Amino acid sequence: MGLIRWTALALIVAGALSLVYGGVSYTREHTAAKLGPVEIKVEETQDINIPVWMGVGAVVVGGLVLLGTGRR
């Protein structure tokens, strides 16, 4: 398979995963205060929401690219 087909498949998979999960969350840790040898660390959870139109668009574009490369 060529690079274009792999890219199209990656777009389809990424779009489908974004439709299933709807976003990504991660935890970020930073130091809130440091008093001598004592450190106070804080963990924050950040959420990144992926819009539905973006997931559908990735699936559609990936499908169109995959169909376009198959007709050659």
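Provided above is the structure to which this section pertains.
Per-chain numbering applies: the sequence of each chain, read as written, is numbered from 1 onward. Two thresholds apply to this predicted model, a pLDDT of at least 70 for residue-level local features and 80 or more for giving and counting side-chain atom pairs, whereas whole-chain, interface and lining totals are computed over all residues. For side-chain calculations, the full set of non-hydrogen atoms in the structure is used, while hydrogens and water are omitted.

A. Helix α2 (residues 52-70), seen in detail. Compared with the 27 Å implied by 1.5 Å per residue over 19 residues, the 27 Å span of α2 between its first and last C-alpha is a close match. Under the scheme applied here, a residue whose accessible area is under 20% of the maximum for its type counts as buried, over 50% as exposed, and between as partly exposed, the area being computed with a 1.4 Å probe on protein chains only. Numbering of helices and strands starts at the N terminus; helices are DSSP runs of H or I of at least 4 residues and strands are runs of E of at least 2. For α2, the set of buried residues is Gly55, Ala58, Gly62, Gly63 and Thr69. Burial along α2 is one-sided: seen end-on, the buried residues are contained in an arc of 135°. Residues of α2 that are exposed and point more than 90 degrees away from the buried face comprise Val52, Trp53, Leu64 and Leu67. One less than the number of residues in a helix, times 1.5 Å, gives the span that helix is expected to have. Read the arc as the range of directions from the helix axis to the C-beta atoms.

B. Representation of the environment of Ile4 within the structure. Summarising the element assignment, Ile4 is placed in helix α1 (residues 3-21). Spatially, the C-alpha atom of Ile4 lies 7.7 Å from that of Val65, the residues being 61 residues apart in sequence. Contacts are assigned to residue pairs that have any heavy atoms within 4.5 Å of one another. In this structure Ile4 touches Val65 and Thr69, once residues within four positions along its chain are discounted.

C. Representation of the packing of α1 against α2. Axis lines are fitted through C-alpha atoms, for helices just across the contact stretch, and the angle between N-to-C directions can take any value from 0 to 180 degrees. Running from N to C, α1 and α2 point in directions that differ by 155°, and their axes come no closer than 8 Å. As the angle between them shows, α1 and α2 are arranged roughly antiparallel. Along this stretch, α1 crosses α2, giving a crossing that reads as left-handed. Here Ile4, Arg5, Ala8, Leu9, Leu11, Ile12, Gly15, Ala16, Ser18 and Leu19 of α1 lie close against α2, whose contacting residues are Val52, Gly55, Val56, Ala58, Val59, Val61, Gly62, Gly63, Val65, Leu66, Thr69 and Gly70. Classes in brief: Ala, Val, Leu, Ile, Met, Phe, Trp, Tyr, Cys and Pro nonpolar; Asp, Glu, Lys and Arg charged; the others, Gly included, polar. Looking at the contact of α1 with α2, its residues break down into 14 nonpolar, 7 polar and 1 charged. Put simply, angles under 35 degrees are roughly parallel, angles over 145 are roughly antiparallel, angles from 65 to 115 are roughly perpendicular, and the rest are oblique. Note: crossing handedness is left-handed where the near helix turns anticlockwise from the far helix by less than a right angle, and right-handed where it turns clockwise.

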